[in-house]
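Observations on chain architecture
As a plain string of letters, each chain reads:
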Amino acid sequence: MDYLSELENRSIYIIREAYSQFRRIALLWSIGKDSTTLLWIVRKAFFGEVAFPVVYIDTGFKFQEIYSFRARYAREWGLDLVVSRNEQAIEAGMSKEKGHFDCCNELKTRALKMTLAERRFKALLLAIRRDEHGIRAKERYFSPRDASFAWDYENQPAELWDYHGSITDMDQHLRVHPMLHWTELDVWRYIKREKIPVVNLYFARNGRRYRSIGCEPCCAPVVSNARNIGMIVRELEKTETAERSGRAQDKEDTYTMQKLRSLGYM
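Residues numbered from 1 in each chain as written. Predicted model: local features only at pLDDT ≥ 70, side-chain atom pairs only at ≥ 80, totals over all residues. Heavy atoms only, no water.

**Observations regarding the overall build of the protein**
Within the protein, the regular secondary structure consists of 8 helices and 8 strands. Looking at the protein as a whole, 56% of its 266 residues qualify as buried. Accessible area for the protein stands at about 12300 Å²; split by element, carbon and sulfur atoms hold 48% of it. (Helix = DSSP H or I, 4+ residues; strand = E, 2+ residues; numbered from the N terminus. Buried < 20%, exposed > 50% of the residue type's maximum accessible area, 1.4 Å probe, protein only. Areas by Shrake-Rupley, 256 points an atom, 1.4 Å probe, with all protein chains shown as cover.)

Here it is in structure tokens:
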């Protein structure tokens, strides 16, 4: 079996293990390359179907290309799409000018918490990877949250010999990370092999492209001439630039991401 197939099989095993334990489960889809790849793998795990709802957090500040991509593939793949918005914060004018931490916490974390509580999801699939950010390297495949969805990153369960802990406390909520073992380069090689559609923001225009996408005011393109997936793969095989170098929330404070994730951020 080739390397990419091994990665895929491990992710499918984790996805099916989570689904076997819970029926009130959902997948978080940001429309980025990682979450779209996870959605693709979920479809393979269930023979072309997505067996549970797909949650999209809408801050109101996303790129128009993201909204267009979401509309097209939610329709083509027959997704049960749940759009999560913190309407109160949006109407109150929350934006990055109030600080990246407060903006992300209100428009992303709190919006997600409200949806989880309203829909009573017991588990949520996310496409985070250990290599993407230092705090994410502390994660587990099956990561419990408390009743308020907060994450105790200093007290994570051991995962030995493919044993993954389940929820024992009815007030707990579980985050499931089927792609922890992937790297950015793995994802792009898999996208190329599988011919997975991605937002065209990832491809270079006028010598720049987005390597990581999110809210438009908080993302900056990197210098690149990679106009297709093959060129992106070759670029990543040589680059020493961090993947999230263009994400503003990673720069505001050394511990911003850690604080956000401890409160329930993705």
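**Considering a positive patch on the surface**
Where like charges cluster on the molecular surface, the positive patch consists of Lys192, Lys195, Arg234 and Lys238. One can find lysine 192 in helix 6 (residues 184–194). Looking at lysine 192, the relative accessible area reads 48%, which means it is partly exposed. (Patch = residues over 30% accessible without salt bridge, like charges linked within 9 Å, V, L, I, M, F, W, Y side chains within 5 Å. Salt bridge = Lys/Arg side-chain N within 4 Å of Asp/Glu carboxyl O. Lys, Arg positive; Asp, Glu negative; His and termini not counted. Charge placed at Lys NZ, Arg CZ, Asp CG, Glu CD.)

**So, the pattern of salt bridges**
A full pass over the atoms with the stated rule returns 16 salt bridges. Between glutamate 8 and lysine 44 there is a salt bridge, and its shortest N-O distance comes to 2.7 Å. In this pair, glutamate 8 is assigned in helix 1 (residues 3–21) and lysine 44 in helix 2 (residues 33–45), connecting sequence segments 36 residues apart. Since its relative accessible area comes to 33%, lysine 44 is described here as partly exposed. With a shortest N-O distance of 2.8 Å, aspartate 131 and arginine 129 are connected by a salt bridge.

**Topic: the packing of aromatic side chains**
On inspection of all chains with the given rule, the structure shows 11 aromatic pairs. Aromatic side chains phenylalanine 69 and tyrosine 73 sit 4.5 Å apart centroid to centroid with 40° between the ring planes, which places their arrangement in the tilted category. Taken as a pair, phenylalanine 69 and tyrosine 73 lie in helix 3 (residues 64–76) at a separation of 4 residues, close to a single helical turn. Both rings, one in tyrosine 73 and one in tryptophan 77, keep their centres 4.9 Å apart while their planes meet at 45°; by these two values the pair is tilted. An aromatic cluster is defined as three or more aromatic residues linked by ring pairs; in this entry it consists of Trp29, Trp40, Phe69, Tyr73 and Trp77. Stacked on the ring of tyrosine 19, the Lys or Arg arginine 23 has its end atom at 4.2 Å from the ring centre. (Phe/Tyr/Trp six-rings, centres within 6.5 Å; stacked < 30°, edge-to-face > 60°. Lys NZ or Arg CZ within 6 Å of the ring centre and 35° of its normal.)

**A closer look at the sheet that holds strand 1 (residues 25–28)**
Pairing within the open sheet is mixed, and its 6 strands lie in the order 3-2-1-4-6-5. Edge positions in the sheet fall to strand 3 (81–84) and strand 5 (142–145), since each has one partner strand and no second. The average angle at which neighbouring strand axes cross in this sheet is 30°, direction not considered. Where strand 2 (residues 54–57) lies against strand 3, 4 bridges are found, and the strand directions are parallel. Within the sheet, the bridge partner assigned to valine 55 lies in strand 3 and is valine 82. Against the sheet, helix 2 touches strand 1, strand 2 and strand 4 (123–125), its axis set at about 140° to strand 1. The strands touched by helix 5 (residues 100–119) within the sheet are strand 1, strand 2, strand 3, strand 4 and strand 6 (173–176), with strand 2 carrying the most contacts at an inclination of about 150°. (Pairing = 2+ DSSP bridges. Axes fitted to C-alpha atoms, helices over the stretch in contact; angles between N-to-C directions. Contact = heavy atoms within 4.5 Å.)

**Digging into the environment of leucine 116**
Checked against the element boundaries, leucine 116 lands in helix 5. For the pair leucine 116 and isoleucine 25, spaced 91 residues apart in the sequence, the C-alpha separation amounts to 9.7 Å.

**Looking at helix 3**
Along its 13 residues, helix 3 runs 19 Å from first to last C-alpha, staying within 8% of the 18 Å computed at 1.5 Å per residue. At its buried positions, helix 3 is contacted by helix 2, strand 2 and strand 3. Positive phi shows up at glycine 78, right after helix 3, with a value of about 60°. (Expected span 1.5 Å × (residues − 1).)

**Quick word on the pairing of strand 2**
With burial as the criterion, each face of strand 2 is covered, one bearing Val54 and Tyr56 and the other bearing Val55 and Ile57. Direction of pairing for strand 1 relative to strand 2: parallel, over a ladder of 2 bridges. Bridge pairing links leucine 28 to valine 55 in strand 2. Read as a crossover between parallel neighbours, the route from strand 1 over helix 2 to strand 2 is right-handed. (Right-handed = clockwise from strand over helix to strand, strands pointing away.)

**A few points about the packing of helix 1 against helix 6**
Two packed helices can be described by the angle between their axes and the distance between those axes. At a closest axis distance of 10 Å, the pairing of helix 1 and helix 6 adopts a crossing angle of 100°. In terms of axis orientation, helix 1 runs roughly perpendicular to helix 6. Between helix 1 and helix 6, the residues in contact are Tyr3, Leu4, Ser5, Leu7 and Glu8 and Asp186, Arg189, Tyr190, Arg193 and Glu194, respectively. Residues that form the contact of helix 1 with helix 6 fall into these classes: 4 nonpolar, 1 polar and 5 charged. (Parallel < 35°, antiparallel > 145°, perpendicular 65-115°, else oblique. Nonpolar A, V, L, I, M, F, W, Y, C, P; charged D, E, K, R; others polar.)

**Describing the environment of lysine 108**
If you trace the backbone, lysine 108 turns up in helix 5. Look at lysine 108 and you get buried, because its relative accessible area is 7%. Sequence-wise, lysine 108 and asparagine 86 are 22 residues apart; in three dimensions their C-alpha atoms are separated by 7.9 Å.

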